[in-house]
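Spelled out, the chains give:
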Amino acid sequence: MPKQLIKGNEAIVKGAILAGCRAFYGYPITPASEIAEAAALYMPQVGGVFLQAESEVAAINMLYGAASAGVRAMTGSSGPGMSLMQEGMSYLAGAELPCVIADIMRGGPGLGNIAPEQGDYNQVVKGGGHGNYRTLVLAPDSVQEMASLTELAFDLADEYRNPVVVLADGCIGQMMEPVEFPAAVAEPRIPHWAVTGTADSRGNLVTSIHLDPDELEAHIRHLETKYRRAERKEVRFESWRAEDAEVVLVGYGIVARVLKAAVEQAREEGLAVGLLRPITLYPFPSVELRRLSRRALAFVVVELSTGQMLDDVRLALEGRRPVDFYGRAGGNVPAAEEVLAFVRRICAREKRAREYMAHA
Amino acid sequence: MTALDRGIVALDSEECKGCGLCIEACPPKVLSLRRLLNRYGYRPAVYAGSGCTGCGICFFVCPEPGAITVLRRGGGACQNN
Amino acid sequence: MPEYAVPEYAVVHEKPRSFYSLYERKPELQHQTHYCPGCGHGIAHKLIARAIDELGIQDRTVMISPVGCSVFAYYYFDTGNVQVAHGRAPAVATAVKRSRPESIVLAYQGDGDLAAIGAAEIVHAANRGEPFTVIFINNGIYGMTGGQMAPTTLLGRKTTTTPFGRNAWNEGYPLRVCELLASLEAPVYIERVALGGNRQIMKAAGAVRRAIENQVKGLGFSLVEILSPCPTIWKMNPVEAQRLVLGEMTEAFPLGVFRDRTKSATVRPAAPPAPPLAEIPRILGLTEGCESTPSQPAGSSDWRIRVAGFGGQGVLMLGEILIEAGLEAGLDVSWLPSYGPEMRSGTSNCHVRLSSGPIDSPLVSRPNVLLALNEPSLRKFLPTVAPRGWVFYNGTQLPDGCERPDVQAVVRPFTEIADRVGDPRAANMTMLGALLGATGMLTEERVLTALRRKVSSGRWLEIDQRALDSGIEAVIKGVSHES
């Protein structure tokens, strides 16, 4: 396919349709509205359903309905809408229904603003809904990945029968870059467990209630087994000049793009700096972080938040190495130079520490 | 049971919860609660054994899906499709 | 279920076939429902199951069970079953029905579910005329949770959360759902019935059947509200509870048909058939675009451009033309807008990168090209321009305090130039022309190709082309005067 210049939000919808998605239920919200707009344009043309729901609460439950009926379905939203969808996501996970939710993060808390932020990490990655469940979370850092990770999201959602979130920010959603779409178009398939109003599916049941404690515990263990399998099989990350790095930067989404520029500038100054970009935020690339810690002296987490993924990096490293944090919030995106200034200080500190150890 | 009755009502004493709605509604008053408790501790409804008109009212007022079955001599107008 | 075979007698009423014969999903007591003695749910279930049998739709039926005592409706109905979150049945039913239009979707909801927490979902599903059937059980109480107030609880009635009786000043009035929904245009059929004795139940049977039959016929939204007894929570025996439905409940919630357009309603038009898969890339516009990298530009380039102005000056468009042309020229490109309220007024700017190597960050914090369409934009971004970078300013001279001897400034009255060639709004194109003329960033040919792709109006394309040319001309004529 020829290269296209489109917005990240539009790439999500095109990727979704190529992946066999035939239903979009959503509620407009800046900076995610182009997702709904593109879906409104294309879904009816490909034999799919587009419906602007009365709220995000309704939208996520419409996904529940479409998924129950065996249709690949998605929605797109941003922080405040994601908060409203948490109940539904818990039900979807509990009922083992696949669906894809794109979260184009904006500033919070409350109404916050519409500028890019990464403050939804906790509610999305840790699961803001009730109960023992996880959502698989993919974090694109380019318009190309908005398309390709959305396609992957549908496969993972079906494979694990679980909601998958494509977690991006206002920058990635709004920006335009060249995208190359795959030539293959996935054919929509009806899973065997779906309730479709046919003789074959009459015995099927979608539910999340298990009244008996033993039965519910068994169900939770079953979900847990799936999450453990995802942790073994689905971890994805990008390592950028990290192999010989003494200081490893960790960031996802638009931040990772800034960090790449910072790494290049640091390398020009002779600083051994690299980047680890988690592509899956859950499951988190903890093993890779620990592996890098054998050589790296320090880690610097950069986020558009006050430090949410930071906790996961710290948990992964289990105190093996110092973890520093550089965060901007409120919609500010740091410039590469700004991050570099911080990284220089960390490099200098580590150098002093090494020299001190050599003397001692 | 007498062959002269227009209907027969068959009650499942193990499904019945003894709510008494059928007894209240039965026009010929041929239903009553059994003195003997069933397995679950309910006093189920029982048919007197004769006098059923096969009207089917007990079936409709009964909240249990299968506790009451109504038969009618030679079938009848309100037969199930 | 026992079988009855008596000579000369035929079964006229029996357990409907749409119920499971044994409730195997139930952990215990599998031949009994979990409902209390005298509960209205059992009767309502029976009426629904009979209608399913009579209409011959068992295989097509999808039962949506709510939260409340009837959460376990799927224990009993031998149909497709989906259990959903509290109040959300209409949203789920909407999507099931739209996903599988041939299915018969029955949303079974209680009063707390439908009229309180799910009030928004039912109103909007009804307003869209979703062609499914809602069976709404109104017993004026929260049964499963142990007797709290429902939106339909009668005035004065004591519940665990209205220990002094429901008081209109505090809790408002019992909500009349049928009347509310009947104010909407789309619903086809709305009726309120009751389970207060045989006569009411027979009427209810007819209403339930009709509401489902409407769906079988492809008509729109149908809802039956059923006033139903809850003897346990009402603390009454089943016969007393039935009388309360017949009396007090029926007085507070008048029975009747609130909407009946079954004769005039038209069948919802079917969605157009799905196109063949092979057509989808074309539909998505994926077959258009830049096929390959035609001519790798000689040498390396790394343009970091900031375009800024006020909303309506075509700032974002200028950026889009640049990346479109850049991609054609074989460069890696990115475009990042400032978005949001700026779309409507105030300042607008975008980050544009054109690079012969892969682009790391799409953010341009140290531009080597600034295109400032107005003074505030110049003042805001001039300090960020890298030394030896280019600054294009829309004016006759740089304003006071904007001296940067270390940058190459191109100052032209771009709006006036655009006005002379057709429209002042083409100032973005005159500035783009100047950019091409001064820097040789891209060939005019490439930019024209991009313009043709982006601008659909023939009149505007002509103006833009003239503006582009005059921009190039303006800079070639006068570039030597600039510092």
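Residues numbered from 1 in each chain as written. Chains lettered and ligands numbered in written order. Predicted model: local features only at pLDDT ≥ 70, side-chain atom pairs only at ≥ 80, totals over all residues. Heavy atoms only, no water.

**Some points on the sheet that holds strand β12 (residues 247-250) of chain A**
Residues and elements named next belong to chain A. The following threshold applies: What makes two strands pair is DSSP finding at least two bridges between them. Under the scheme used here, helices are H or I runs from DSSP no shorter than 4 residues and strands are E runs no shorter than 2 residues, and both carry numbers assigned from the N terminus. In this analysis an axis means a line fitted to C-alpha atoms, helices contributing only their contacting stretch, and an angle means the value between N-to-C directions, from 0 to 180 degrees. Whether two residues touch is decided by their heavy atoms; if any such pair falls within 4.5 Å, the residues are in contact.
What the five strands build is an open sheet, ordered β11-β13-β12-β15-β16; its pairing is mixed. With partners counted over all chains shown, the strands left at the sheet margins are β11 (237-240) and β16 (323-327), one partner each. The mean inter-strand angle of the sheet, taken between neighbouring strand axes irrespective of direction, is 20°. Two elements, strand β15 (residues 298-303) and β16, share five bridges in a ladder whose sense is parallel. Within the sheet, the bridge partner assigned to E303 lies in β16 and is G327. Strand contacts of helix α12 (residues 336-359): β12, β13 (273-278), β15 and β16, with the helix running at about 160° to β16, the strand carrying the most contacts.

**Here we look at the interface of chain B and chain C**
Many authors give the size of an interface as the accessible area that is lost as the parts come together. Let me state the cut-off plainly: The quantity reported as buried area is the accessible area (1.4 Å probe) lost by two parts once they are put together, taken as the sum for both. Only one rule defines a salt bridge in this text: a Lys or Arg side-chain nitrogen within 4 Å of an Asp or Glu carboxyl oxygen.
Every contact between the two is made by 44 residues of chain B and, on the other side, 40 residues of chain C. On the chain B side of the interface with chain C, the three residues burying the most area are F59, F60 and P65 of chain B, jointly 20% of the side's total. Joining chain B to chain C, the criterion identifies one salt bridge. A salt bridge links E24 of chain B to R243 of chain C; its shortest N-O distance comes to 2.6 Å.

**Side note on the sheet that holds strand β8 (residues 256-260) of chain C**
Pairing between the strands of a sheet comes from backbone hydrogen bonds, and it takes one of two forms, parallel or antiparallel. Reading across from one edge, β10(A)-β3(C)-β2(C)-β4(C)-β5(C)-β7(C)-β6(C)-β8(C) is the order of the eight strands in this open sheet, with mixed pairing throughout. At either end of the open sheet lies a strand with only one pairing partner, and these are β10 (205-206) of chain A together with β8 of chain C. Where strand β2 (residues 61-65) of chain C and strand β3 (residues 80-83) of chain C come together, four bridges link them in parallel fashion. Pairing of M63 of chain C across the sheet is with N81 of chain C, part of β3 of chain C. Seen against the sheet, helix α1 (residues 40-55) of chain C touches β2, β4 (104-110), β5 (133-138) and β7 (222-227) of chain C and runs at an angle of roughly 170° to β4 of chain C. Lying over the sheet, helix α9 (residues 238-252) of chain C contacts β5, β6 (189-194) and β7 of chain C, oriented at roughly 120° with respect to β7 of chain C.

**Structural notes on the packing of aromatic side chains**
Put simply, the test is: Aromatic pairing here means that ring centres of Phe, Tyr or Trp (its six-membered ring) are within 6.5 Å. Orientation follows from the plane angle: under 30 degrees is stacked, over 60 is edge-to-face, and everything else is tilted. Type-normalised accessible area, obtained with a 1.4 Å probe on protein chains alone, sets the label of each residue: buried when under 20%, exposed when over 50%, and partly exposed for intermediate values. A ring has a charge above it when a Lys NZ or an Arg CZ is no more than 6 Å from the ring centre and no more than 35 degrees off the ring normal.
With the rule as written, the count across this model stands at 14 aromatic pairs over all chains. Their ring planes at 90° and their centres at 5.3 Å tell us that F59 of chain B and F60 of chain B sit as a pair that is edge-to-face. Comparing F59 of chain B with F60 of chain B shows no difference in burial state: the two are buried. An angle of 70° between the planes, with centres 5.9 Å apart, marks the rings of F132 of chain C and F221 of chain C as edge-to-face. Here F132 of chain C is found in the loop between α4 (119-127) and β5, whereas its partner F221 of chain C is found in the loop between α7 (198-216) and β7, with 89 residues between them in sequence. Under the relative-accessibility criterion, F132 of chain C is labelled buried at 0%. For F221 of chain C, a relative accessible area of 0% translates into the label buried. Every member of this aromatic cluster is reached through a ring pair, and the members are Y23, Y35, F72, Y74, Y75 and Y76 of chain C. Here the basic side chain of R134 of chain A rests over the ring of Y282 of chain A, its NZ or CZ set 3.9 Å away from the ring centre. The lysine or arginine in question, K46 of chain C, covers the ring of F59 of chain B, its NZ or CZ lying 4.2 Å from the ring centre.

**A closer look at the layout of surface pockets**
One simple way to see leftover space: roll a probe sized like a water molecule over the atoms. Selection criterion: A 1.4 Å probe that fits into a set of points on a 1 Å grid over the protein atoms alone but cannot get out defines a cavity; an open set with protein on both sides within 12 Å along at least five of seven lines defines a pocket, and lining residues are those with an atom within 4 Å of a point. Grid points are joined across faces, edges and corners, and a volume is the space filled by probe spheres set on the points. Polar here means any residue other than Ala, Val, Leu, Ile, Met, Phe, Trp, Tyr, Cys and Pro, which are nonpolar, and Asp, Glu, Lys and Arg, which are charged; Gly is therefore polar.
Here the largest pocket is characterised by a volume of approximately 1100 Å³. Among the elements of the structure, β3 (49-52) of chain A together with α2 (89-99) and α7 of chain C are those that each provide at least two residues to the lining of the largest pocket. Broken down by element, the residue count for the lining of the largest pocket peaks at three residues, all from α2 of chain C. By residue class, the composition of the lining of the largest pocket is 21 nonpolar, eight polar and 10 charged. Looking at the second largest pocket, its volume works out to about 600 Å³. Of all elements in the fold, only β6 (113-116) of chain A together with β10 (332-337), β11 (347-355) and α12 (375-381) of chain C reach the threshold of two or more residues within the lining of the second largest pocket. If one sorts the elements of the lining of the second largest pocket by residue count, β11 of chain C sits on top with three residues. Broken down by class, the residue content of the lining of the second largest pocket amounts to 12 nonpolar, nine polar and five charged.

**Looking at the confidence of the model for chain B**
Applied cut-off: Residue-level confidence of the predictor is what pLDDT reports, using numbers from 0 through 100.
On average, residues of chain B carry a pLDDT of 90, and 88% of them reach 70 or more. Between the elements of chain B, mean pLDDT differs from a low of 96, seen in strand β4 (residues 68-73) of chain B, to a high of 98, seen in helix α2 (residues 57-61) of chain B.

**Observations regarding the packing of α2 of chain C against α4 of chain C**
Viewed as axis vectors pointing N to C, α2 of chain C and α4 of chain C meet at an angle of 35°, and their least axial separation amounts to 7 Å. Residues P90, A91 and T94 of chain C of α2 of chain C form the contact with α4 of chain C, whose own contacting residues are E121, I122 and A125 of chain C.

**Thoughts on the pattern of salt bridges**
All names here are of chain A. Counted according to the given criterion, the structure contains 60 salt bridges over all chains. A salt bridge links R229 to E159, with the shortest nitrogen-to-oxygen separation between them at 2.8 Å. Remark: E159 occurs in helix α6 (residues 143-160) and R229 occurs in helix α8 (residues 213-233); sequence separation between them is 70 residues. Here R229 falls in the partly exposed class, since its relative accessible area comes to 26%.

**Re the nonpolar core**
The following threshold applies: The definition of a nonpolar core used throughout is a set of buried Ala, Val, Leu, Ile, Met, Phe, Trp, Tyr and Cys residues joined through side-chain atoms within 4.5 Å.
Counting residues in each nonpolar core, the largest one holds 89 residues, and the members touching the most others are Y64 of chain A together with I64 of chain C. Contact partners of I64 of chain C, with chain neighbours within four places excluded, come to V82, V84, A89, V92, A93, V96, V105, L106, A107 and Y108 of chain C. I35, A36, L152 and C171 of chain A belong to the second-largest nonpolar core, a separate cluster that totals 79 residues.

**Remarks on the pairing of strand β8 (residues 163-169) of chain A**
Residues and elements named next belong to chain A. Within β8, seven of the seven residues are buried, which leaves the element mostly enclosed by the surrounding structure. Neither face of β8 is open: one carries P163, V165, L167 and D169, the other V164, V166 and A168, and all of them are buried. Sheet topology note: the strand β5 (residues 99-107)/β8 ladder contains seven bridges and is parallel. Paired with I101 across the bridge in β8 is V165. Taken together, the three bridges between strand β7 (residues 136-138) and β8 define a ladder with parallel strand orientation. Each residue of the ladder has a partner; that of L138, found in β8, is V166.

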